[in-house]
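Structural overview for review
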Number of protein chains: 2
Amino acid sequence: MISIILADDHAIMRGGLKQLFTLTEDIVVAAEAQTGQELLDLLQEIDIKLVLLDLTMPGGGIDLISQLRTLYVDLPVLVLSMHNELQTISRSLKAGASGYLTKDNDPETLLLAIRKVANGGRYIDPKTAEKLVFESDNSQQKSLYEKLSVREMQILQLLASGKSVNEIGHELAISNKTVSTHKARLFEKLELNNNAELIRYYDAQDLKQ
Amino acid sequence: MISIILADDHAIMRGGLKQLFTLTEDIVVAAEAQTGQELLDLLQEIDIKLVLLDLTMPGGGIDLISQLRTLYVDLPVLVLSMHNELQTISRSLKAGASGYLTKDNDPETLLLAIRKVANGGRYIDPKTAEKLVFESDNSQQKSLYEKLSVREMQILQLLASGKSVNEIGHELAISNKTVSTHKARLFEKLELNNNAELIRYYDAQDLKQ
DNA sequence: CAAGCGTGTAGGAATATCCCTACACTGAAA
DNA sequence: TTTCAGTGTAGGGATATTCCTACACGCTTG
């Protein structure tokens, strides 16, 4: 029996997944988390076999994977994401995720991946696995977006959501000066000159996904 | 019996939703589409009561809603989205969607929304509906723009172009403090909370004209 | 292994911006 | 006619942000 935690902030998605798992004999949802913190809290209380993690939830970035990997060395983390940005996939795996698949896969594939990962295996979407290998070779023409570090990307998202430098500093528990530095660096990398451009750049990127 | 088409490019999401609907007596999934085109093709073949549409799928933007509205006047479209950007919601509804809810709602809410919309009603997430009232009410009549004084409008345009308060003060040969006052007033009038919202508001207005 | 680049982190000083308040002027309402 | 709301203008003080600089760490790369 594979007991899992659903870590996804979309209740409808969780609801659907739970229903999906009722069709199986061997997979059961032990708990659900809507934020990274909630997930960490839950893990202290209950014992499960696998975390099914949506990266886009609040407090659910790459860092969370690293934390999980540190705190629970043997706990497999399967990332379930909407994005198939190679960058994100690659970073997730480096951070210690046992698998990665996008939500456009068949439900059967998800079940397969869960079983494989729960048994200590790894699962990566074959289509993207191939690209990953390919990409690492000719990482020449990276889009500006891909030049950003994880932290910078995070700051970008928070800025684009309308948060101030101070608010972000507080939220991430770092100095506002630090946030400002990150901001300056991502301005340089993205060749932006002001906040208006940042918002428009972000929205434009967002549409591409 | 409410027969629906699931239009979402995420197979896992569709799989989950389908399972969810098996719990109900009255909702049945007649078909699934992964792209806008696929949806349009399917609609020519089969007769259904409602389209459950994920805006983020390929070929699944606001335009698609307009098309559906033109081709099938009475077919209700319920938008299921991850984003709760006011703009997107507002535009969807203007384009003719019968309802809008985000994926972080309860599954029960989704069922409720489907039933309501299938019966000719409308459904909008209560949290966001409230915010929308201002926007839609005012934009129907006065287009918030018109509440702004000439000077405020000018400042808005300059801010949206990426100029700083100081730059604007210099350009208009008035104190930066004055510019700041104008800015504060237009923020209040437009019910904006930060620069990001200003940019998005301005761009949205721009599209309307 | 040494050197160097990228990254995450800040401090101090300089600016920029906001917040609250104020005042004069204009046109509309009472 | 008086009153009042809306507007364009700022000042002073409080905050926020930037700019420049720095440093430690980890990961390449010669």
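Residues numbered from 1 in each chain as written. Chains lettered and ligands numbered in written order. Predicted model: local features only at pLDDT ≥ 70, side-chain atom pairs only at ≥ 80, totals over all residues. Heavy atoms only, no water.

Per an unreviewed UniProt entry, chain A is named DNA-binding response regulator, and its organism is Methylomonas lenta.

1. Concerning the interface of chain B and chain A
Across the boundary between the two partners, chain B contributes 32 residues, which contact 32 residues of chain A. Buried area between chain B and chain A, both sides added, is near 2,400 Å², and the carbon and sulfur share of it is 66%. Of all residues in chain B, Ile12, Gln19 and Arg200 of chain B give up the largest surface area on contact with chain A, accounting jointly for 27% of the area buried on that side. Our count for the chain B to chain A interface comes out at zero salt bridges. Taken together, the links from chain B to chain A amount to ten residue pairs in polar contact (both at pLDDT 80 or more). Contributing elements (two or more residues each) for the side of chain B that touches chain A: helix H1 (11-22), strand S5 (99-102), helix H5 (107-118), helix H7 (150-160) and helix H10 (195-208) of chain B. Per-element accounting of the side of chain B that touches chain A gives the leading share, eight residues, to H1 of chain B. (Contact = heavy atoms within 4.5 Å. Buried area = accessible area lost by both parts, 1.4 Å probe. Salt bridge = Lys/Arg side-chain N within 4 Å of Asp/Glu carboxyl O. Polar contact = N/O pair within 3.5 Å; in protein donor to acceptor, adjacent residues only side chain to side chain. Helix = DSSP H or I, 4+ residues; strand = E, 2+ residues; numbered from the N terminus.)

2. Considering the environment of Thr35 of chain A
Residues and elements named next belong to chain A. Checked against the element boundaries, Thr35 lands in the loop between strand S2 (27-33) and helix H2 (36-45). You can call Thr35 partly exposed: its relative accessible area is 25%. A C-alpha to C-alpha distance of 6.5 Å links Thr35 and Asp9, two positions 26 residues apart in sequence. Apart from the residues lying within four places of it in its own chain, the contact partners of Thr35 are Met57 and Pro58. (Buried < 20%, exposed > 50% of the residue type's maximum accessible area, 1.4 Å probe, protein only.)

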